Amino acid sequence: MDEARHEMHGDPEAMRSFAERVAWPDAVADVAVPPAATPCPAGMLACAGFTAADLAATLSLGQFLDETRDDIATLKAAAAVAAADYDATDEAGARAVLGYVIAQD
């Protein structure tokens, strides 16, 4: 059996510290969808293609940022839960050992 299955070494304080530091950067602004496409000046041939590509890229970037914001919140919550779970498991293990030692006396 893998050694990791027998015991775990973790630092709940480091987990909590990580959870506190993870945050959505203030500098990231919401992506605004560009207004409806305007007619291309002077009949520029590639204008419609560029306009469509710009709109598609803007929408994709907005979706990516929304998902990233959600993922950061999930990661932050998972780190906090892991720290609490680690502490609870560690405490339960200590109580079990203490109960065994007291029962042997």
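Throughout, a residue's number is its position along its own chain's written sequence, starting from 1. pLDDT decides what is reported in this predicted model: residues at 70 or higher carry local features, side-chain atom pairs at 80 or more are listed and counted, and totals for whole chains, interfaces and linings draw on all residues regardless. Hydrogen atoms and water are omitted, and side-chain values are computed over all heavy atoms in the structure.

### Here we look at the pattern of salt bridges
Put simply, a salt bridge is a Lys or Arg side-chain nitrogen that is within 4 Å of an Asp or Glu carboxyl oxygen. Per the stated rule, a full pass over the model turns up 4 salt bridges. Note that Glu13 and Arg16 form a salt bridge whose closest N and O atoms lie 2.8 Å from each other. One end of the pair, Glu13, and the other, Arg16, are both in helix α1 (residues 12-21), 3 residues apart, so they sit about a helical turn from each other. Taking the relative accessible area as the measure of exposure, Glu13 reaches 51% and is therefore exposed. In this structure, the salt-bridge partner of Asp66 is Arg69, at a minimum N-O distance of 3.4 Å. With Asp66 and Arg69 both in helix α2 (residues 47-104) and 3 residues apart, this pair spans about one turn of that helix. Given a relative accessible area of 40%, Asp66 falls into the partly exposed group. What emerges from the salt-bridge pattern is a single network uniting Glu13, Arg16 and Asp87. Only DSSP runs of H or I covering at least 4 residues are called helices, and only runs of E covering at least 2 are called strands; the numbering of each starts at the N terminus. Summary of the burial criterion: residues with accessible area below 20% of their type's maximum are buried, those above 50% are exposed, and those between are partly exposed, where the area comes from a 1.4 Å probe applied to protein chains only.

### Considering the environment of Pro12
Within the secondary structure, Pro12 is located in helix α1. On the basis of relative accessibility, which here comes to 12%, the residue Pro12 falls in the buried class. Between the C-alpha atom of Pro12 and that of Ala84, which follows or precedes it by 72 residues, the distance is 7.4 Å. Working rule for contacts: check all heavy atoms of both residues, and any pair within 4.5 Å makes them a contact. Apart from residues lying up to four places away in sequence, Pro12 is in contact with Ala83, Tyr86 and Asp87.

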